[in-house]
Amino acid sequence: MTELLTETIVQEPHRIRGLEMPWNRVMGSTEGPASAARALGPWHPQEFMAECVEIVPEVGGMMTFVFRRCDGAPLAFRAGQYVNVAFPVNGEDQDPADRSYSLSSAPTKPWTFDITVKRDPTGLVSPWVHQNIKPGTVLEMLGPVGAFHLPDADRRARYLLLAAGAGITPIMSMVRTIHSLPGQADVVVLYHGAADEGFAFNKELAYIASVDSRIRVFYSLGDRAKPADWEGLSGRLTAAMLNEVAPDANGRQVYACGPEGYLNTATELLGNVGVDDTSIHMEFFTGDRQTILEYQAELALAVDIAEEIAEEIADSAEDYYEGQPAAFGLYEPGYDAEGTLQATGMPLETVDPDAPEASDDGSDAGAEVSTPDASSFETVGTGSLTLSFMRTGINVRVDPTEHILGPAQRAGVRIGANCKEGMCGSCKVVKLSGEVEMNHQGGIRAREIDAGKFLPCCSTARTDMVIDA
């Protein structure tokens, strides 16, 4: 008997446009689910105890430690953020050594979370961590912290993720998050390592790239000798290498993590290939004095916020714990008489992955883009100042005392916003011209402000403005 083999054609799934984090839609919905989402609060760092429940050896001298919160709550965070951990390296009776480690797991699985630690033989903490942290170990933590993370909603989820060495850990969280979500995305990962056997997560990355056509992964061995069977790239990061893996880099949001020298080189090269500063997001694993001071300021602010949250919880403990079951409905949208409330969430829109990418106004992305004339925009609202939103195509009149976010959203400008207090950074937009006065609470970094970004939830206009939103 002859067995006939037929080729199976696997069609690409139709996806909704862009990516949206699970909590984004519910935050703009009814008060009930929104309250549940705030109870989990990925934008509110908290101090908590966490128990190690699993250890996973990784290649490259790294080890992943899986934790869960001792209070039973999930850890809500954004892909790319980190936690600060108190390690009792000198004994329980001595002051602990605090260290910050990026979360390498996806926030879409918040009941446990991972930190991945590379062992530095000359370091104080990492050797102790590798030797002493076991399942059952309980540690004090603070988090989540950090403005280096994926956006809550992105209709054009096109990313270039750059990692060197241990810088892969927050990038891995981003990859895992995108892989776990529906939606249209285009992700290129370029991962530099010193040795072919030193690429952490390489098996999982290979699997994800093999089953998720949205994600492509490239490896480069830097300037070290490479084995004869090496099939990846060779050499340090160059403009030619960027063009090889992502010839359309200037149309992507770039997230890069690694040593300071690597990131300084990346910044220069990305500029050379046309990526503007507002599209570059970086996380330093080691940094200069200014970077270290920024991180210290972030942690100090996180401590203040965590203490405020703890006081609020203590003042209303009964309400808080009664409210916890509602958190199970975190991802449920609200409803009214007309059906599902989408509020500020992205509209559900099936997109054919084979169709050419279209811009928000429906035109082909590949077509030459001309700058719209704001004088032709419809003008709404009242006030002495005019805000021109170039992507939306509308002018909004505002009063100098109003925070920009409210009038913009009421006029139909799609700006994601969760905390609305200048902490989470989810409403971050780019100011093309004009002046604002911003009173944020850590949701934006100095280098982002220098690049023209601001948080409309906590900013008032000082002049007429043109905004990239």
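Because the structure is predicted, anything quoted here is derived from the model rather than measured. (Residues numbered from 1 in each chain as written. Predicted model: local features only at pLDDT ≥ 70, side-chain atom pairs only at ≥ 80, totals over all residues. Heavy atoms only, no water.)

*Asks:* I would appreciate a short explanation of the overall build of the protein in the present structure.
*Replies:* Regarding its fold elements, the protein presents 11 helices and 25 strands. Here the protein holds 469 residues, and the buried ones make up 48% of them. Of the contacts made within the protein by residues no fewer than 6 positions apart, 69% connect residues no fewer than 24 positions apart. By element, 50% of the accessible surface of the protein is carried by carbon and sulfur atoms, the whole surface being about 22800 Å². (Helix = DSSP H or I, 4+ residues; strand = E, 2+ residues; numbered from the N terminus. Buried < 20%, exposed > 50% of the residue type's maximum accessible area, 1.4 Å probe, protein only. Contact = heavy atoms within 4.5 Å. Areas by Shrake-Rupley, 256 points an atom, 1.4 Å probe, with all protein chains shown as cover.)

*Asks:* Help me understand unusual backbone geometry, please; the structure alone is not making it clear to me.
*Replies:* Apart from glycine, the bulk of residues carry a negative phi angle, and the bulk of peptide bonds sit in the trans form. Here Gly 143 and Pro 144 are connected by a cis peptide whose omega angle stands at 0°. Of note, Pro 144 is situated in strand 8 (residues 138–145).

*Asks:* Is there a simple way to explain the pairing of strand 19 (residues 385–389) in this structure?
*Replies:* On a regular strand, one side chain projects to one face of the sheet and the next to the other, so that they alternate. Burial runs high along strand 19: 5 of the 5 residues are buried. Burial of strand 19 is two-sided: the residues Leu 385, Leu 387 and Phe 389 facing one way and the residues Thr 386 and Ser 388 facing the other way are all buried. Here 5 bridges tie strand 19 to strand 20 (residues 394–398), and the two strands are oriented antiparallel to one another. Bridged to Phe 389 within strand 20 is Ile 394. Counted between consecutive antiparallel strands, the loop separating strand 19 from strand 20 contains 4 residues, among which Gly 393 sits at a positive phi close to 80°. (Pairing = 2+ DSSP bridges.)

*Asks:* Help me understand the confidence of the model for the protein in this model?
*Replies:* Close inspection of predicted coordinates is inappropriate in any region flagged by low pLDDT. Averaged over every residue, the pLDDT of the protein is 81; residues scoring 70 or more account for 78%. The low-confidence segment residues 320–343 (pLDDT under 50) makes 36 contacts with residues lying over four places distant or belonging to another chain. Note that residues 360–369 has pLDDT below 50 and, in this model, 8 contacts with residues that lie over four places away or in other chains. (pLDDT = per-residue confidence, 0-100.)

*Asks:* For this particular structure, what's the right way to read the sheet that holds strand 13 (residues 253–258)?
*Replies:* Consider a sheet: its strands pair through backbone hydrogen bonds, and that pairing is either parallel or antiparallel. Strand order in the open sheet made by the 5 strands is 12-11-10-13-14, with parallel pairing throughout. At either margin of the open sheet sits one strand with a lone partner, and together these are strand 12 (215–220) and strand 14 (280–284). If you compare each strand with its neighbour and ignore which way they point, the axes differ by 15° on average. As judged from the 6 bridges shared by strand 11 (residues 185–192) and strand 12, these two strands associate in the parallel manner. Across the sheet, residue Leu 190 finds its bridge partner in strand 12, namely Phe 218. Sitting on the sheet, helix 4 (residues 168–180) is in contact with strand 10 (157–164), strand 11, strand 12 and strand 13, with an inclination near 150° to strand 10. (Axes fitted to C-alpha atoms, helices over the stretch in contact; angles between N-to-C directions.)

*Asks:* Help me understand the pattern of salt bridges in this model?
*Replies:* A pair can form between side chains of opposite charge whenever their charged atoms are brought close. Scanning the entire structure with this criterion turns up 11 salt bridges. The residue Asp 186 makes a salt bridge to Arg 216 at a minimum N-O spacing of 3.3 Å. Of this pair, Asp 186 sits in strand 11 while Arg 216 sits in strand 12; the two residues are 30 residues apart in sequence, bridging distant segments of the chain. Taking the relative accessible area as the measure of exposure, Asp 186 reaches 23% and is therefore partly exposed. Taking relative accessible area as the criterion, Arg 216 reaches 37% and is therefore assigned partly exposed. Glu 402 is paired through a salt bridge with Arg 410; the nearest N and O atoms lie 3.6 Å apart. Accessibility expressed as a relative area gives 64% for Arg 410, which makes it exposed. Shared partners join several salt bridges into a network, and the residues in it are Arg 158, Asp 186, Arg 216, Asp 248 and Arg 252. (Salt bridge = Lys/Arg side-chain N within 4 Å of Asp/Glu carboxyl O.)

*Asks:* Explain the sheet that holds strand 25 (residues 465–468) to me, please; I cannot follow it from the model alone.
*Replies:* Taken in spatial order, the 6 strands make up an open sheet running 18-20-19-25-21-23, and their pairing is mixed. The open sheet has two free edges, formed respectively by strand 18 (378–381) and strand 23 (453–454), since each of these has just one partner strand. Relative to strand 25, strand 19 is paired through 3 bridges, and the arrangement is parallel. Counted as the bridge partner of Ser 388 is Val 466 from strand 25.

*Asks:* Where do I start with a negative patch on the surface in this structure?
*Replies:* A cluster of acidic side chains, namely Glu 47, Asp 98, Glu 140, Asp 304, Glu 307, Glu 308 and Glu 311, defines a negative patch on the protein surface. Looking at the negative patch element by element, the count peaks at 4 residues for helix 8 (residues 289–315). Mapped onto the elements of the fold, Glu 307 is located in helix 8. Take Glu 307: its relative accessible area is 40%, and that puts it in the partly exposed class. (Patch = residues over 30% accessible without salt bridge, like charges linked within 9 Å, V, L, I, M, F, W, Y side chains within 5 Å. Lys, Arg positive; Asp, Glu negative; His and termini not counted. Charge placed at Lys NZ, Arg CZ, Asp CG, Glu CD.)

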